[in-house]
Amino acid sequence: MIQALPGGAGIRSVATARGGQARRSVPADPAPPPPRPRALRAADGPDGHRPCPVTGVRIDLLGGFALHLDGEEVQPGIGARRLLALLAVEPGGLTRARAAAVLWPGLEPARAGAALRTALHRLPGCRADLLHEGRERLRLAPDVATDLGELRTTATRVLNLALPLDAEELGRAATCDFGHDLLPDWEEDWLDHHRMRWREQRLHTLEALSFRLVQAGWVGAAVDAALIAIHADNLRESAHETLVAAYLAAGNRIAANAYRATYREQLRRELGGREPAARDTGGRPGGPHGGGEQGIRSLHRPATGRQDAP
């Protein structure tokens, strides 16, 4: 006989044997429900990592390292940071073997390769959002933005004096921050070349930008750009003469002459007391750094030899 238990608790089977007691069979207790997964952020995937793709990835290298995923700054491990920084300064990418040798030069190739695989495994978020991985070559994913790449694009545009900049482009260039070195707190031999290249590029850019701003009549911004260049390299003659030219363009001849005299005295001290020649400070009128519009135009003349740059 089959009976239904009240409350839907289950079904009870009752069998009666002749001359014996009723035998009942009750099913075993139901299996317990699976444990609830740990709480995850809305942006996390089922394994705790961010799903692909994120809406934006940005790597900052100027003044210090920072990684932003979806506008949120994350802190990857040191191996992952070094790998991302290396690929950010090498936009063409590197082979896996070369990346391992650059990042871990003191290790045997096999151990360096293992360290690279560990760094890849510990990248935050989804690896496809950060890297484009070929069988042999690594490079940043195409949508990853870097402050170094953005400023280099602006620098290339500013330095091409054969092409004019309209007011909007010039205003954007003037708001760019060319005041920071590349990862200044990192002690990495492989960064030396990239630091030197960026330093020279940004100093030339600041001088050319000051020239363009003078030509546009934005003399206050021109003075500011020259001062940033001088702060980066206090003994750079062309930066000092760029500032003098900006003073002259603003009509501040006394300030220009006083500043030039101050710089000559600083240069004399650096030369061990020897009086600098006129060419040491670019002080000759009409010379390559002679100040004023003609002097600074000569300083930033395009390689084509054209003298009609804006």
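Coordinates for the structure precede this section.
Here's a quick rundown of the structure. Here the residue numbers are simple positions, counted from 1 along each chain's written sequence. Per-residue local features of the predicted model are confined to residues with pLDDT of at least 70, and side-chain atom pairs are confined, for both listing and counting, to 80 or more; whole-chain, interface and lining totals are unaffected and use all residues. Excluded from the side-chain calculations are hydrogens and water; all other atoms, namely the structure's heavy atoms, are used.

### Describing the overall build of the chain
In terms of regular secondary structure, the chain is built from twelve helices and ten strands. A total of 310 residues make up the chain; the buried ones form 40% of that total. Using a 1.4 Å probe, the Shrake-Rupley method yields the accessible areas, and only the shown protein chains count as cover for residues. Carbon together with sulfur atoms contributes 53% to the accessible area of the chain, which is approximately 18,000 Å² in total. Numbering of helices and strands runs from the N terminus, with a helix taken as a DSSP run of H or I at least four residues long and a strand as a DSSP run of E at least two residues long. Relative accessibility under 20% of the residue-type maximum defines a buried residue, over 50% an exposed one, and the middle range a partly exposed one, all with a 1.4 Å probe and only protein chains included.

### Observations regarding unusual backbone geometry
Phi is positive for Asp70, which is not a glycine, with a value near 55°. The residue Asp70 is located in the loop between β5 (66–69) and β6 (72–74) in this model. Phi is positive for Leu183, which is not a glycine, with a value near 40°. Inspection of the secondary structure assignment puts Leu183 in the loop between α6 (167–175) and α7 (192–216).

### As for the nonpolar core
Grouping buried Ala, Val, Leu, Ile, Met, Phe, Trp, Tyr and Cys residues that are joined through side-chain atoms within 4.5 Å yields what is termed a nonpolar core. Grouped together as the largest cluster of nonpolar side chains are 69 residues, with contacts concentrated most on Leu61, Phe65, Leu67, Leu84, Leu182 and Trp190. Sort the elements by how many residues they give to this core and helix α1 (residues 78–89) lands first, with eight residues. Between two residues, a contact is recorded if the distance between any of their heavy atoms is within 4.5 Å. Not counting residues within four places of it along the chain, the set of residues in contact with Leu84 comprises Ile59, Phe65, Leu67, Leu123, Leu130, Leu131 and Leu140.

### A look at the pattern of salt bridges
Should a side-chain nitrogen of Lys or Arg be within 4 Å of a carboxyl oxygen of Asp or Glu, the pair is scored as a salt bridge. A complete count under the given rule lists 15 salt bridges for this structure. A salt bridge links Arg58 to Asp60, with the nearest nitrogen and oxygen atoms 2.9 Å apart. The class for Asp60 is buried, based on a relative accessible area of 17%. In this structure, Arg96 engages Glu133 in a salt bridge whose closest nitrogen and oxygen atoms are separated by 3.2 Å. Residue Arg96 is located in helix α2 (residues 96–103), and its partner Glu133 is located in strand β8 (residues 131–133); the two are separated by 37 residues in the primary sequence.

### Let's talk about the packing of aromatic side chains
Planes of paired rings set the category: under 30 degrees apart is stacked, over 60 is edge-to-face and the rest tilted, where pairs are Phe, Tyr or Trp rings (Trp by its six-membered ring) whose centres lie within 6.5 Å. Enumeration according to the criterion identifies three aromatic pairs in this entry. Consider the rings of Tyr247 and Tyr259, whose centres lie 6.3 Å apart with planes at 65°: the pair is edge-to-face. With Tyr247 in helix α9 (residues 237–249) and Tyr259 in helix α10 (residues 253–270), this pair connects stretches of sequence that are twelve residues apart.

### Points about the layout of surface pockets
A cavity here means a set of 1 Å grid points, computed over protein atoms only, where a 1.4 Å probe fits but cannot escape. A pocket is an open set with protein on both sides within 12 Å along at least 5 of 7 lines, and lining residues have an atom within 4 Å of a point. Grid points are joined across faces, edges and corners, and a volume is the space filled by probe spheres set on the points. Counted as a void, the largest pocket has a volume near 180 Å³. Looking at the largest pocket, it is lined by 13 residues, and the ones nearest its centre are Leu87, Ala88, Pro91, Leu140 and Thr146. Of all the secondary-structure elements, those providing two or more residues to the lining of the largest pocket are α1, β9 (137–140), β10 (144–146) and α5 (147–159). Following the grouping adopted for this structure description, the nonpolar residues are Ala, Val, Leu, Ile, Met, Phe, Trp, Tyr, Cys and Pro, the charged ones are Asp, Glu, Lys and Arg, and the polar ones are all others, Gly among them. Classifying every residue of the lining of the largest pocket by side-chain character gives nine nonpolar, two polar and two charged.

### Structural notes on the sheet that holds β10
Across the sheet, which stays open at both edges, the four strands sit in the order β6-β5-β4-β10 with mixed pairing between neighbours. Taken across any chain shown, the strands that pair with only one partner, and hence form the sheet edges, are β6 and β10. Sheet twist, expressed as the mean angle between neighbouring strand axes with direction ignored, is 30°. The pairing criterion for strands is at least two bridges between them, as found by DSSP. Relative to β6, β5 is paired through three bridges, and the arrangement is antiparallel. Its bridge partner being in β6, His68 is matched across the sheet by Glu73. Between N-to-C directions, angles cover 0 to 180 degrees, with each direction set by a line fitted to C-alpha atoms, over the stretch in contact for helices. Strands β4 (57–60) and β10 of the sheet are contacted by α5, whose axis makes an angle of about 65° with β10.

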